[in-house]
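So you can see what is in the structure, the chains are spelled out below.
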Amino acid sequence: MAMLLNPLPDPTDSKSTAVPTQYSQANDYLDSVELIRQYSDGKLLLSQFLRRVSKKQKTVYPSGAVVVLATVFGDCYDMGKGIIKAALEASGCEVKDLGVSVPCHELVDAVVAAKADIVGLSGLIIPSLNQMVLVVKEMEKRGLKIPVLVGGAATTKRNTAVEIAPYYSGPVIHAMDASRAIHVLTLLMNPQIRETYLLEARQEQHELLQDMLHSIECFSSSPLSIQEARHRKFQINWNEWKPRVPLFLGSKRYGKIPLGSLVQNIHWDPFFQIMHLRGTYPNHAYPNILKDDKVGTEAKQVLRDVKLVLQEIIDGNLLEARGVVWFGRANSCGDDVRIYRNNESPDIVGTFYGLRQQVLHDINNDHDQACFCISDFIAPAESMISDYIGGMVVSAGFGLKELCDRVQGDDYKVLMYKAAAECLTGALAELVHDQVKHVFWGYRKEDMTEIEMDDALSIDFGMEYAKEGRNCVGIRLAPCFPQQPDHTEMETMWKLMDVEIHTGIKLTETLGMSPVMAVNGLLFSHPKSQCFAVGNVMEDQIQDYSHRRGVPVENVRKWLCLNR
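Residues numbered from 1 in each chain as written. Predicted model: local features only at pLDDT ≥ 70, side-chain atom pairs only at ≥ 80, totals over all residues. Heavy atoms only, no water.

Scanning the protein for helices and strands turns up 17 helices and 14 strands. Classification of the 564 residues of the protein by burial places 54% in the buried group. Taking the intrachain contacts of the protein between residues at least 6 apart in sequence as the baseline, contacts between residues at least 24 apart amount to 76%. Put simply, the protein shows about 25800 Å² of open surface, and 50% of that area lies on carbon and sulfur atoms. (Helix = DSSP H or I, 4+ residues; strand = E, 2+ residues; numbered from the N terminus. Buried < 20%, exposed > 50% of the residue type's maximum accessible area, 1.4 Å probe, protein only. Contact = heavy atoms within 4.5 Å. Areas by Shrake-Rupley, 256 points an atom, 1.4 Å probe, with all protein chains shown as cover.)

What follows is the structure, encoded as structure tokens:
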């Protein structure tokens, strides 16, 4: 197996027969290797590493390792993969980046054709775990034993050990982030320490698997049955609250959204997380991170850089933002939320299916604990109260791919463009939700003489009322959030809201969003609505959920693989 850090002619060796250009390549290569080592050891921050490595010429050396990288089928997020690619190319590896949403057989065909030394798989959304399982199963079927490195937000050490590794006799290693991935790759490609490292990794995965088998005991002596959990549902006195009637029912899309209007709503903490900049308490969050002793100087640098990129995007109108908001009359029925055609019709046009908590997290206070489900926040049908639920889907990522293609090879600039699009999308989501709370759900009757509803919404529509500081309530949850981890609920959202028609934001085959820089949410107005995590879902609820949805039990188990 090829070494990751490849030996090249020594320019100081008088017996070397290498030509002068090889000496120059050797020096450049060794400089790149030193950069990678410093980044892997934490001596260089991500942004510092990318700025330096982006300036270097990428050269593939004959003795370099062959690494195949891909974002698995149905997933379009590749920010971390791009960082790893930059590091590997700087080290002289031959990197074959297959792109995003790569089908399983196409991916494994490319691995075989390239005679790859290592495969790197990435995934943002939870269904990507199932795709990674399909890939390693196919590799096993074809007799491959090469190491597989998995990463991305969908993956953890635990689910790698439990969900993926058992299906492959070769090594399957989890990498938390780009710096860890580069460190792991270095270990895997070094024959002197490779076997020792793999032995330790397998032992750790065995321990994680054993921990998983006993983890339920950490929460309570036994999980509740779904019937017991329903008896513990979160109680709301619906006679004490009058549901807020939204300003409109159905879907309304936004017209042209000025990108400049979003910048002041950016929350900068997620940006510093993207850049892997973590200050120490009390300087862990913006703006205090800018004066942190360790990362403060670099935090100021990347903030200046991304603000320049944002200004470039705004001045050149290089990205496009789109969004849609929807409201529907609703009532809960058990664990589900039924949507009616309009205010008068009893016809049900859709159902959001809920999952209920079954594991008590505080065994010392188990008598008073509620078992939450999203349906608890909507008035039940038997109350004879007309309640409402909202939805939103937004993205500021239209045009991002073309923008990144323009600066291909400048890994730092690509990362900045992607980070800027993510910041703008997050700001748009916050602004739209504020508009929902303050205007669409927070309006007063006396305001209505001053507001006229056009076919397309404006992002500043009615927001002068938000400045009054009037009371507003409500939270934003979403399918694929811990409150409802079943991604298939997004299909109901897209159908009820006509999301693709209004915005062009699509669902991939595994229910990721495209463009990937997108945010969706279900909107609840009751002041006692709150965030929670469903946690472990027991077999009785899986069977019940399968029956209610009218889908095979195996489908439910697949989509809830991390909640079993």
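This part covers the environment of Val302. Among the structural elements, Val302 can be located in helix 11 (residues 296–316). Classification of Val302 as buried rests on a relative accessible area of 0%. Sequence spacing of Val302 and Met275 is 27 residues, and the spatial spacing of their C-alpha atoms is 8.2 Å. When sequence neighbours within four positions are dropped, the list of residues in contact with Val302 reads Ser47, Arg51, Phe271, Phe272, Met275, Leu277, Tyr412 and Met416.

If you walk through the whole model with that rule in mind, you get 16 aromatic pairs. Between the aromatic rings of Phe248 and Phe327, the centroid separation amounts to 5.2 Å while the plane-to-plane angle is 75°, which identifies the pairing as edge-to-face. Placement of Phe248 in the loop between helix 9 (226–231) and strand 6 (250–253) and of Phe327 in strand 7 (residues 320–333) is noted, with a sequence separation of 79 residues between them. Phe327 matches Phe248 in its accessibility class, with the two residues each being buried. Ring centres 6.0 Å apart and planes at 85° place the aromatic pair Phe377 and Phe524 in the edge-to-face group. Separated by 147 residues along the polypeptide, Phe377 in the loop between strand 9 (348–353) and strand 10 (387–398) and Phe524 in strand 14 (residues 518–524) bring together distant segments of the chain. Per residue, the accessibility class of Phe377 equals that of Phe524, and both read buried. Connected via pairs of aromatic rings, a cluster forms that spans Phe234, Phe372, Phe377, Phe524 and Phe532. Between Arg51 and the ring centre of Tyr412, over which it is positioned, the NZ or CZ distance is 5.3 Å. The ring of Phe248 carries the charged tip of Lys252 above its face, separated from the ring centre by 5.8 Å. (Phe/Tyr/Trp six-rings, centres within 6.5 Å; stacked < 30°, edge-to-face > 60°. Lys NZ or Arg CZ within 6 Å of the ring centre and 35° of its normal.)

Next up on the list: the environment of Ala178. Along the chain, Ala178 falls in helix 7 (residues 178–188). Residues Ala178 and Leu46 lie 132 residues apart in sequence; the distance between their C-alpha atoms is 8.5 Å. With near-sequence residues (within four places) excluded, Ala178 lies in contact with Tyr39, Gly80, Ile83, Ile84 and His276.

This part takes up the sheet that holds strand 5 (residues 172–174). Strands sit in the order 2-1-3-4-5 across an open sheet of 5 strands; the sheet is parallel. Here the strands that pair on one side only, and so sit at the sheet edges, are strand 2 (94–97) and strand 5. Strand-to-strand, the axes of this sheet are offset by a mean angle of 20°, without reference to chain direction. Inspection of the sheet shows strand 3 (residues 118–122) paired to strand 4 (residues 148–151) by 4 bridges, in the parallel sense. Within the sheet, the bridge partner assigned to Leu121 lies in strand 4 and is Val150. In the packing of helix 7 onto the sheet, contacts are made with strand 3, strand 4 and strand 5, and the angle to strand 4 comes to roughly 170°. (Pairing = 2+ DSSP bridges. Axes fitted to C-alpha atoms, helices over the stretch in contact; angles between N-to-C directions.)

Time to look at the side chain of Asn265. In this structure, Asn265 sits in the loop between strand 6 and helix 10 (268–274). Since its relative accessible area comes to 18%, Asn265 is described here as buried. Here the side chain of Asn265 touches Ser261 through a polar contact of 3.5 Å, landing on its backbone oxygen. Beyond its immediate chain neighbours, meaning those up to four positions away, Asn265 contacts Ala427 and Leu431. (Polar contact = N/O pair within 3.5 Å; in protein donor to acceptor, adjacent residues only side chain to side chain.)

Right, let's get into the nonpolar core. Ranked by size, the top nonpolar core spans 98 residues in total, and within it Phe271, Phe272 and Phe440 carry the most contacts. The biggest single contributor to this core is helix 13 (residues 411–440), with 18 residues. Contacts of Phe271, omitting those with residues within four sequence positions, involve Val302, Leu303, Val306, Met416, Ala419 and Cys423. In terms of nonpolar packing, the next biggest core, distinct from the first, is built from 42 residues, Phe234, Leu355, Phe372 and Val556 among them. (Core = buried A, V, L, I, M, F, W, Y, C linked by side-chain atoms within 4.5 Å.)

A few words now on the pattern of salt bridges. Within the structure shown, the criterion is met by 25 salt bridges. In this structure, Asp78 and Lys418 form a salt bridge, with 2.7 Å as the shortest nitrogen-oxygen distance. With Asp78 in the loop between strand 1 (66–71) and helix 3 (79–90) and Lys418 in helix 13, this pair connects stretches of sequence that are 340 residues apart. Residue Lys418 is classed as buried on the basis of its relative accessible area, which comes to 12%. Arg230 is paired through a salt bridge with Asp335; the nearest N and O atoms lie 2.9 Å apart. (Salt bridge = Lys/Arg side-chain N within 4 Å of Asp/Glu carboxyl O.)

As a packed pair, helix 2 (residues 46–53) and helix 3 sit with axes 11 Å apart at the nearest point and diverge in direction by 50°. Relative to helix 3, helix 2 is oriented oblique. Between helix 2 and helix 3 lies a crossing of left-handed hand. Touching Leu46, Phe49, Leu50 and Val53 of helix 2 are Ile83, Ala86, Ala87 and Ala90, all from helix 3. Residue composition of the contact of helix 2 with helix 3, by class: 8 nonpolar, no polar and no charged. (Parallel < 35°, antiparallel > 145°, perpendicular 65-115°, else oblique. Left-handed = near helix turned anticlockwise from the far one by under 90°. Nonpolar A, V, L, I, M, F, W, Y, C, P; charged D, E, K, R; others polar.)

Here we take up the side chain of Ser122. Checked against the element boundaries, Ser122 lands in strand 3. Each residue touching Ser122, except ones within four places of it in the same chain, is listed here: Ala70, Thr71, Val72, Tyr77, Lys81, Met132 and Gly151.

In regions of low pLDDT, the predicted coordinates are not meant to be interpreted in detail. Looking at the protein as a whole, the pLDDT averages 87, with 87% of positions reaching at least 70. When the criterion is pLDDT under 50, residues 1–23 qualifies, and its contacts beyond four places in sequence or with other chains add up to 47 contacts. (pLDDT = per-residue confidence, 0-100.)

This part is about unusual backbone geometry. In this structure, the amide linkage connecting Tyr281 to the following residue, Pro282, adopts the cis form with an omega of 5°. Note that Pro282 resides in the loop between helix 10 and helix 11. Residue Pro287 follows Tyr286 across a cis peptide bond; omega there is 5°. In this fold, Pro287 is placed in the loop between helix 10 and helix 11. Despite not being glycine, Met384 has its phi angle at roughly 60°, a positive value. With respect to the helices and strands, Met384 occurs in the loop between strand 9 and strand 10. Met384 sits in the exposed class, given a relative accessible area of 73%. Located in the positive-phi region is Leu511, a residue other than glycine, with phi close to 70°. Take Leu511: it is sitting in the loop between strand 12 (506–507) and strand 13 (513–514).

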